[in-house]
Amino acid sequence: MTQASPFPVADCLLKDDAMVFVETEDVRTTPRSRLTPHRRLKVWEKTCGRCVVCHQQIDGVRERWIVEHIRALELGGRDEHDNMGPVHANCAAAKTRDGYQCAAKAKRQKLRHLGADISKRPLPCGRQSRWKKKIDGTIVPRR
Ligand SMILES: [Zn+2]
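Reading the values: the criteria
- Residues numbered from 1 in each chain as written.
- Predicted model: local features only at pLDDT ≥ 70, side-chain atom pairs only at ≥ 80, totals over all residues.
- Helix = DSSP H or I, 4+ residues; strand = E, 2+ residues; numbered from the N terminus.
- Expected span 1.5 Å × (residues − 1).
- Buried ≥ 20, exposed ≤ 12 C-beta atoms within 10 Å, placed from the backbone.
- Contact = placed C-beta atoms within 7 Å.
- pLDDT = per-residue confidence, 0-100.

## As for the overall build of the chain
Line of reasoning, step 1. When you go through the chain residue by residue, the secondary structure sums to two helices and six strands.
Line of reasoning, step 2. For the chain, the α and β elements follow one another from N to C terminus as β-β-α-β-β-α-β-β.

Printed below as a string of structure tokens:
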């Protein structure tokens, strides 16, 4: 499963010896809209009833199936027709379980990247510590 960067990236590109600042959009959880039976049918017909996870034909009469977001909403997937597909209920359970792990990892990375994640145990004599170690080895209080 390919995964785009979960946090905003400010890239500096070298162009004609000048640094160009490029700011990309933040990835947020997409709000979920209600799915009407008509929209469910449209999603079904898009793949002719083929599961987007295991790629096998779904027997709509005998098997339980749901409409799944191909790219999870938590990972910035769009709540639109082209990001949806029918899946077996069992396949969806497995995909959702993996999706939660991906989303949790993305949130951890975003917290760390934005500096919102403050360590409870800062490195000894590190930037967050009350003490600093000088080059000669002496430890002095940080002012
Ligand atoms: Zn399936």
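## A closer look at helix 2 (residues 89–114)
Line of reasoning, step 1. When the terminal C-alpha atoms of helix 2 are compared, their 37 Å separation across 26 residues agrees well with the 38 Å that a helix rising 1.5 Å per residue should span.
Line of reasoning, step 2. Of all the positions in helix 2, only Cys91, Ala92, Lys95, Gly99 and Ala106 are classed as buried.
Line of reasoning, step 3. Among the structural elements, strand 3 (65–69) and strand 4 (84–88) are those in contact with the buried residues of helix 2.
Line of reasoning, step 4. Of the residues one or two after helix 2, Gly115 is the one with positive phi, at around 75°.

## What to know about the confidence of the model for the chain
Line of reasoning, step 1. When pLDDT is averaged across the chain, the result is 80; 81% of the residues are at 70 or more.
Line of reasoning, step 2. Averaged pLDDT values over the elements of the chain bottom out at 44 in strand 1 (residues 10–15) and peak at 94 in strand 6 (residues 139–141).
Line of reasoning, step 3. Note that pLDDT drops below 50 for residues 1–15; the model gives that stretch 24 contacts with residues more than four away or on any other chain.

## Digging into the environment of Thr47
Line of reasoning, step 1. Locating Thr47 in the fold gives a position in the loop between helix 1 (37–46) and strand 3.
Line of reasoning, step 2. With 16 C-beta atoms counted inside 10 Å, the residue Thr47 sits in the partly exposed group.
Line of reasoning, step 3. On a C-alpha basis, the gap between Thr47 and Gln57 in space is 9.4 Å, while along the polypeptide they are ten residues apart.

## Let's talk about the environment of Tyr100
Line of reasoning, step 1. Inspection of the secondary structure puts Tyr100 in helix 2.
Line of reasoning, step 2. The class for Tyr100 is exposed, based on 12 C-beta atoms found within 10 Å.
Line of reasoning, step 3. Considered as a pair, Tyr100 and Leu75 are 25 residues apart in the sequence and their alpha carbons are 9.7 Å apart.

## So, unusual backbone geometry
Line of reasoning, step 1. Phi is positive for Cys48, close to 55°, though the residue is something other than glycine.
Line of reasoning, step 2. Positive phi is not limited to glycine here, since Cys125 has a value of about 60°.
Line of reasoning, step 3. Take Cys125: it is sitting in the loop between helix 2 and strand 5 (131–133).

## Observations concerning the environment of Trp44
Line of reasoning, step 1. Position of Trp44 relative to the elements: it lies in helix 1.
Line of reasoning, step 2. Separated by 42 residues in sequence, Trp44 and Pro86 have C-alpha atoms that sit 5.8 Å apart.
Line of reasoning, step 3. Each residue touching Trp44, except ones within four places of it in the same chain, is listed here: Gly49 and Pro86.

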